[in-house]
Amino acid sequence: MDFEKIRSDFPLLSRFTYLDTASSGAISRQVHKSIVDFIDKWLYEGEDWDRVIKDVVEARRIFSSMVGVKGDEVALVPNTSTGLIAAVSSVKWRNESNIVLAEHNFPTNFNVFSAAVRNGLVKEVRVARYIDGRIPIEEYEKLIDENTQIVSVDLVGWLTGYREDLKTITKLAHERGAIVLSDIFHAAGALPLNLRDLDVDIAVCGSYKWLLAPSGAALLYVKKELLDTVLTNCWTGWIGVEDSVVERMINGETRLFERPLPLLYSRPSSSASRYEWGSWAGLTVVGLTESLRFFQKLDMNLSWRRIQKLSSKLVDELVEKDFQIFSPLDEDRRSGIVSLVLRNSYDVAEILSRSKIIVSARPGILRISVDF
Ligand SMILES: Cc1ncc(COP(=O)(O)O)c(C=O)c1O
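Residues numbered from 1 in each chain as written. Predicted model: local features only at pLDDT ≥ 70, side-chain atom pairs only at ≥ 80, totals over all residues. Heavy atoms only, no water.

Engineer: Is there a simple way to explain the domain arrangement of the protein in this structure?
Structural biologist: In many reports, interface size means the accessible area that the parts give up when they come together. Domain boundaries assigned for the protein yield domain 1 (3–29 + 300–369) and domain 2 (49–295). Spacing between the C-alpha centres of domain 1 and domain 2 amounts to 27 Å. At the interface, 29 residues of domain 1 touch 25 residues of domain 2. When domain 1 packs against domain 2, close to 2,300 Å² is buried across both sides, 61% of that on carbon and sulfur atoms. By the criterion of area lost to domain 2, the three top residues of domain 1 are Met300, Trp304 and Arg333, representing 28% of everything that side buries. In this structure, the connection of domain 1 to domain 2 is made through two salt bridges. One salt bridge in this structure joins arginine 134 and aspartate 332, with 2.9 Å as the shortest N-O distance. At the junction of domain 1 with domain 2, the criterion picks out 13 residue pairs in polar contact (both at pLDDT 80 or more). Contributing elements (two or more residues each) for the side of domain 1 that touches domain 2: α12 (300–320), β9 (337–341) and β12 (365–369). (Domains from an automatic or database assignment. Contact = heavy atoms within 4.5 Å. Buried area = accessible area lost by both parts, 1.4 Å probe. Salt bridge = Lys/Arg side-chain N within 4 Å of Asp/Glu carboxyl O. Polar contact = N/O pair within 3.5 Å; in protein donor to acceptor, adjacent residues only side chain to side chain. Helix = DSSP H or I, 4+ residues; strand = E, 2+ residues; numbered from the N terminus.)

Engineer: Please explain the nonpolar core as it appears in this structure.
Structural biologist: Proteins that are soluble and globular tend to have nonpolar side chains buried together. By size, the foremost hydrophobic cluster in this structure holds 77 residues, and its most contacted members are Phe63, Tyr140, Val151, Ile184, Leu193, Leu211 and Trp280. Residue contributions to this core peak at seven residues, all from helix α4 (residues 49–66). Domain assignment of the residues forming this core places at least three in each of domain 1 (3–29 + 300–369) and domain 2 (49–295). Residues in contact with valine 151, not counting those within four places in the same chain, are Val100, Ile144, Ile169, Ala173, Ala178, Ile179, Val180 and Leu181. (Core = buried A, V, L, I, M, F, W, Y, C linked by side-chain atoms within 4.5 Å. Buried < 20%, exposed > 50% of the residue type's maximum accessible area, 1.4 Å probe, protein only.)

Engineer: Where do I start with the packing of aromatic side chains in this structure?
Structural biologist: Taken as a whole and judged by the stated rule, the model has 11 aromatic pairs. A ring pair is formed by phenylalanine 185 and tyrosine 208, whose centres lie 5.0 Å apart and whose planes are at 80 degrees; its orientation type is edge-to-face. Pair noted here: phenylalanine 185 is in the loop between β6 (179–183) and α9 (195–198) and tyrosine 208 is in the loop between β7 (202–206) and β8 (218–222), with a separation of 23 residues, a long-range link. What makes tyrosine 208 partly exposed here is its relative accessible area of 29%. Through successive ring pairs, a cluster of aromatic residues spans Phe3, Phe10, Phe294, Phe295 and Phe372. When the ring centre of phenylalanine 185 is taken as origin, the NZ or CZ atom of lysine 209, which lies over that ring, is 5.1 Å away. The ring of phenylalanine 16 has lysine 356 sitting right over it, with the charged end atom 5.3 Å from the ring centre. (Phe/Tyr/Trp six-rings, centres within 6.5 Å; stacked < 30°, edge-to-face > 60°. Lys NZ or Arg CZ within 6 Å of the ring centre and 35° of its normal.)

What follows is the structure, given as structure tokens:
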């Protein structure tokens, strides 16, 4: 695979030393063109709404094959946080239940579940903490009990870049009757993934980082078996119901509004589409779908190996220069994110940006993200 050629389709990468995919991914000329073509057509001929719906279906299909699940287990939602809330809001809570989170999860995760406690749905949130640079499985063993309903662990930590051993965690959680939710925003698009193999129950991934697409969309995976068993309190809008316009289109109908739409007696779609509550951001959808077509052609194993090689080289050189690495040093826990402990990280990021090196500063941390 010729990565130099691939990179040449992303103008940002030749103009800057761009090491900030964990904030926002570069977009390709092809993604840019799909959006420009769509809006040009819109200007003169009106919005090509049918195209948006077709691309939604295509995006679900490609993403599902990227992460090893079925097309009807994936929904396209407006952003990661909304996807997370959509799925969590359909859980039927038991009395006295608790939630177990990983310390490295993104704030949305903490905020959603602390709201669940505040609103009286959940009794308690427990946090699995790092010990010597790892969250040992014993930490989860200690926290997950028969009252745990959800174990929510980001596959890759947004600040630490810590890549969690989800398979071991899902096994433990399932043995104790809990389901596992994972934010895979810093994993999908960076490393090969098989969610079925990991046995994760719910996963969500936004469009605008490692999937190299515009913001305004996220892909939500929900294991089919959970839809009317564990996730029974589902809210729907006009899209996520049986016989919605999207289902009509998929079934080959062309006059989508000829028959009345489902009203009072509507039922949630039998697929993950039930979490798609309303219209999509068309411009984002066409850009995202184009980017997913790129990933369909990319050899993810080779791309991941390249990311691993580059990030290892970076870690080795930083260690040699006595920088304190915040990210894990063990190979089996590393991702595309390499963070350093740096008190004046904002100053350093600003100085680097003057030399066209783009990284991001977070409190006391300089985050460098390495893509292909
Ligand atoms: C791991 C992770 N999850 C979620 C988000 C927020 O995603 P969204 O804005 O799509 O809700 C971020 C943003 O940085 C993130 O890093």
